[in-house]
Amino acid sequence: MTRQELIKKVKDADAIISLLADKIDKAVIDRMKRCKIIANYAVGFNNIDIEYARRKDIIVTNTPDVLTDSTADLAMTLVLACARRLNEGEKLVRQRKFKGWRPKLLLGYELNNKTFGIVGMGRIGFAVAKRAYVFGCRIIYYSNKRNPDAENLLNAKKVSLKSLMKNSDIISLHIPLTNKTKNLINSEMLDLMKRNAIFINTARGEVVDEKYLIEILRNRKIFSAGFDVYENEPDINPELLKLDNVVLLPHIGSATHESRNAMSELAAKNVIAVLSGKNPLTPVN
Ligand code: DGY
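Since this is a predicted model, take the numbers as computed values, not measurements.

Caption draft 1: Layout of the domain arrangement of the protein. Each assigned domain of the protein is listed with its residue range as follows: domain 1 (3-65 + 256-276) and domain 2 (67-248). The distance between the C-alpha centroids of domain 1 and domain 2 comes to 30 Å. Contacts between the two partners involve 10 residues from domain 1, matched on the other side by 7 residues from domain 2. For the side of domain 1 that touches domain 2, the per-class residue count stands at 3 nonpolar, 5 polar and 2 charged.

If you want it as structure tokens, here you go:
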């Protein structure tokens, strides 16, 4: 739906299933006359003014857990694609520029023995850490809470954000977008990265100073970056499109048959629960 359609249609709705592209702000919430639940079809809910919804007695739910593995798989896909220069190789072959095996053709990096920094050791961060661990990486993480499972099972070490940015060969973001995390990875943090670093964002674009990251990539101050999310989605900064040391995906972290079916089911169950007077399964406010 367009915003106009949304504003028009929410008026008579008892429940809403929203997509992360639907901005459910005060203006939209104020149009709701009987809505009891906004079931967001995503784990992230930065598209909804949850505080205002709460004030209006509207429950907001999300879809945690069911997209953890799909998103973690995609983060690792980006890590490997960046480390082994997958997009450059593909382009070379498709453009018929592959002239045979060469000792220095598209050299990348191995994952074994690398330091893998996870920003946000929640469900998805932990799932990525498990994958990275079996590839032979040392895990360090930055989080507002300790994750004992990550520490006990994967020997993960909790560190400061600065230390993570400075010491990681691979950095992967797994934090929600909130007032506190907006622009968390700012120019000062980005400047700390190693020259061989690979930077992956499957969380939210606004968590990073995207313009500055592009600058760093253009000047080859890090090895490469993998993006599944962008600051002004779906608009992509044209400067990003000019770079060859990036892998760019269209926000498909949870785009598997398994996850999307489970997300649909969970959103529907939340709606049914609330409309039949029961507690929602996965409330966020
Ligand atoms: C989410 O659920 O927040 C993801 O970004 C969707 O892929």
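Caption draft 2: Looking closely at the UniProt feature "domain: D-isomer specific 2-hydroxyacid dehydrogenase catalytic" (unreviewed entry) in the protein. According to UniProt, the positions carrying the feature "domain: D-isomer specific 2-hydroxyacid dehydrogenase catalytic" (unreviewed entry) are residues 2-285. Helix and strand shares over residues 2-285 are 37% and 13% respectively, and the end C-alpha atoms of the span are 25 Å apart.

Caption draft 3: Seen up close, the site of the ligand. Close contacts around the ligand come from Leu 20, Ala 42, Val 43, Gly 44, Leu 67, Gly 253 and Ser 254, and that covers them all. Split by residue class, the shell around the ligand holds 4 nonpolar, 3 polar and no charged.

Caption draft 4: Broad picture of the nonpolar core. Judged by nonpolar contacts, the single largest core of 54 residues is most densely connected at Val 79, Ala 129, Ile 139, Tyr 141, Ile 198, Phe 199 and Ala 225. For this core, the leading source of residues is helix H4 (residues 68-83), giving 9 residues. Those residues in contact with Ala 129 that sit more than four places away from it in its chain are Ile 118, Met 121, Ile 139, Tyr 141, Ala 150, Leu 154 and Ala 156. Listed in part, the 27 residues of the second largest apolar core include Ile 37, Val 43, Phe 45 and Ile 48.

Caption draft 5: Up close: helix H12 (residues 257-275). For H12, which comprises 19 residues, the first-to-last C-alpha distance of 27 Å matches the rise-based estimate of 27 Å (1.5 Å per residue) to within 8%. All buried positions along H12 are accounted for by Ser 259, Met 263, Leu 266, Ala 267, Asn 270, Val 271 and Val 274. One face of H12 carries all of its buried residues, which in axial projection span an arc of 135 degrees. Relative to its buried face, H12 has exposed residues pointing more than 90 degrees away, namely His 257, Glu 258, Asn 261, Glu 265 and Leu 275. Turning to H12, the residues buried within the fold contact strand S1 (15-18), strand S2 (37-40), strand S3 (59-61) and H4. With its phi angle positive at about 80 degrees, Gly 277 sits one or two positions after the end of H12.

Caption draft 6: How the structure looks around the pairing of strand S4 (residues 115-119). Taken across its 5 residues, S4 has 4 buried, putting it largely inside the fold. In this sheet, strand S5 (residues 138-142) lies alongside S4 in parallel orientation, the contact comprising 5 bridges. Opposite Ile 118, over in S5, you have Tyr 141 as the bridge partner. A crossover connection joins S4 to the parallel S5 through helix H6 (residues 123-134); in handedness this β-α-β unit is right-handed. Sheet analysis places S4 next to strand S7 (residues 170-173), joined by 4 bridges and oriented parallel. Bridge assignment links Ile 118 to a residue of S7, and that residue is Ser 172.

Caption draft 7: Examining the sheet that holds S4 more closely. The parallel open sheet is built from 7 strands, whose spatial order is S6-S5-S4-S7-S8-S9-S10. One side of each edge strand has no neighbouring strand; the edge strands of this open sheet are strand S6 (157-158) and strand S10 (246-248).

Caption draft 8: Region of interest: the sheet that holds S1. One open sheet holds the 3 strands; their spatial order is S1-S2-S3, and the pairing between them is parallel. Since the sheet does not close on itself, it has two edges, and those belong to S1 and S3, each with one partner. In this sheet, neighbouring strand axes are inclined to one another by 15 degrees on average, regardless of whether the strands run parallel or antiparallel. The pairing of S1 with S2 spans 4 bridges and is parallel. From the neighbouring strand, Ser 18 faces S2, where its bridge partner is Asn 40. Strands in contact with H12 are S1, S2 and S3; relative to S2, the strand with the most contacts, it is inclined by about 165 degrees.

Caption draft 9: Structural view of the UniProt feature "domain: D-isomer specific 2-hydroxyacid dehydrogenase NAD-binding" (unreviewed entry) in the protein. UniProt records the feature "domain: D-isomer specific 2-hydroxyacid dehydrogenase NAD-binding" (unreviewed entry) at residues 76-253, using the numbering of this structure. For residues 76-253, helix accounts for 34% and strand for 15%, while the C-alpha atoms at its two ends are 11 Å apart.

Caption draft 10: Fine view of the environment of Tyr 109. Looking at where Tyr 109 falls in the secondary structure, it is placed in the loop between helix H5 (86-94) and S4. Along the sequence, Tyr 109 and Arg 84 sit 25 residues apart, while their C-alpha atoms lie 6.3 Å from each other. Setting aside anything within four residues of it in sequence, one finds Tyr 109 in contact with Ala 83, Asn 196 and Phe 223.

Caption draft 11: Structural detail: unusual backbone geometry. Of note, the bond from Glu 233 into Pro 234 is cis; its omega dihedral lies within 30 degrees of zero at 0 degrees. You can see Pro 234 is positioned in the loop between strand S9 (224-227) and helix H11 (238-241). Phi at Asp 65 is positive, roughly 70 degrees, even though this residue is not glycine. Of note in this structure, His 251 is not a glycine but carries a positive phi near 45 degrees. Along the chain, His 251 falls in the loop between S10 and H12. You can call His 251 partly exposed: it has 18 C-beta atoms within 10 Å.

The rules behind these values
- Residues numbered from 1 in each chain as written.
- Predicted model: local features only at pLDDT ≥ 70, side-chain atom pairs only at ≥ 80, totals over all residues.
- Domains from an automatic or database assignment.
- Contact = placed C-beta atoms within 7 Å.
- Nonpolar A, V, L, I, M, F, W, Y, C, P; charged D, E, K, R; others polar.
- UniProt positions renumbered as here; feature names shortened; annotations may be inferred.
- Helix = DSSP H or I, 4+ residues; strand = E, 2+ residues; numbered from the N terminus.
- Near = placed C-beta within 6 Å.
- Core = buried A, V, L, I, M, F, W, Y, C linked by C-beta atoms within 7 Å.
- Buried ≥ 20, exposed ≤ 12 C-beta atoms within 10 Å, placed from the backbone.
- Expected span 1.5 Å × (residues − 1).
- Arc of directions from axis to C-beta.
- Pairing = 2+ DSSP bridges.
- Right-handed = clockwise from strand over helix to strand, strands pointing away.
- Axes fitted to C-alpha atoms, helices over the stretch in contact; angles between N-to-C directions.

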